[in-house]
Amino acid sequence: ETVQELMLRGNAELIALRGKMSHAARALERQTWAGEEAGAESTHLRKALSAHQVVINRTVLERAEADTNLSALQAEVENLQRDLQETRLAVSTSTHRRQEAEARQRQLEAMVRQQREIQQRLEAEGNMLRQQLRAGGGSANVGLHAIAKGASASS
């Protein structure tokens, strides 16, 4: 082999080696870009995951607050229902007492009417006896005394 052939063969090997190195450099560059893209994608995914976690945490807190508010409302409803039952009982008791008072008042009014009727009748009898006394003199006095005794005994 001649020097020139050796040089040509060395040049060819050098060119081939340069091609392989260029190819390896491009592959390394692509891997670097892919790694950077993967890192960027990973960062983007981490940010999205963090945003979702914030939404989930907020939702959990809102749910806990809603549960607390619901419990408070349920307790308030129970208190209002107890108050309503107590009020209904008080109304029922008052209604019963009012009805009893009205019945007693009707009885008393009936007794007063009866007493007035008796009083009016007695006054009428008394007036009639006085008139008889004035008209008939002393003999009616004995009858008046007997009527007065009868009226005293009946009242």
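Anyway, here's the lowdown on the structure attached to this text. Numbering of residues begins from 1 in every chain and follows the order in which that chain's sequence is written. Predicted model: local features are reported for residues with pLDDT of at least 70 only, side-chain atom pairs are reported and counted for 80 or more only, and whole-chain, interface and lining totals are derived from all residues. Derived side-chain values reflect all non-hydrogen atoms in the structure, with water molecules and hydrogen atoms excluded from consideration.

Quick word on the overall build of the chain
The secondary structure content of the chain amounts to 2 helices and 0 strands. Across the 155 residues in the chain, those meeting the buried criterion constitute 2%. Residue burial considers only the protein chains on display, and all accessible areas are found by Shrake-Rupley using a 1.4 Å probe. For the chain, the accessible area works out to roughly 13600 Å², and carbon and sulfur atoms hold 58% of it. By definition, any uninterrupted DSSP run of H or I lasting at least four residues is a helix, any uninterrupted run of E lasting at least two residues is a strand, and each is numbered from the N terminus. Classification of residues uses two cut-offs on accessible area relative to the type maximum, computed with a 1.4 Å probe and protein chains only: under 20% is buried, over 50% is exposed, and between them is partly exposed.

Re the pattern of salt bridges
We count a salt bridge whenever a side-chain nitrogen from Lys or Arg sits within 4 Å of a carboxyl oxygen from Asp or Glu. In the structure shown here, the tally under the stated rule is 2 salt bridges. Between Asp-67 and Arg-63 there is a salt bridge, with the nearest N and O atoms lying 3.3 Å from each other. With Asp-67 and Arg-63 both in helix α1 (residues 3–136) and 4 residues apart, this pair spans about one turn of that helix. By relative accessible area, Arg-63 is classed as exposed at 55%. The shortest N-O distance in the salt bridge between Arg-98 and Glu-102 comes to 3.0 Å. Linking Arg-98 with Glu-102, this pair stays in helix α1, spanning 4 residues, or about one helical turn.

Observations concerning a nonpolar patch on the surface
The patch calculation keeps residues exceeding 30% relative accessible area without a salt bridge and links them within 9 Å when they carry like charges or within 5 Å when they are nonpolar (Val, Leu, Ile, Met, Phe, Trp, Tyr). Together, Leu-14, Leu-17 and Met-21 give the surface a local cluster of nonpolar side chains, amounting to about 290 Å² of exposed area. As for its position among the elements, Met-21 is in helix α1.

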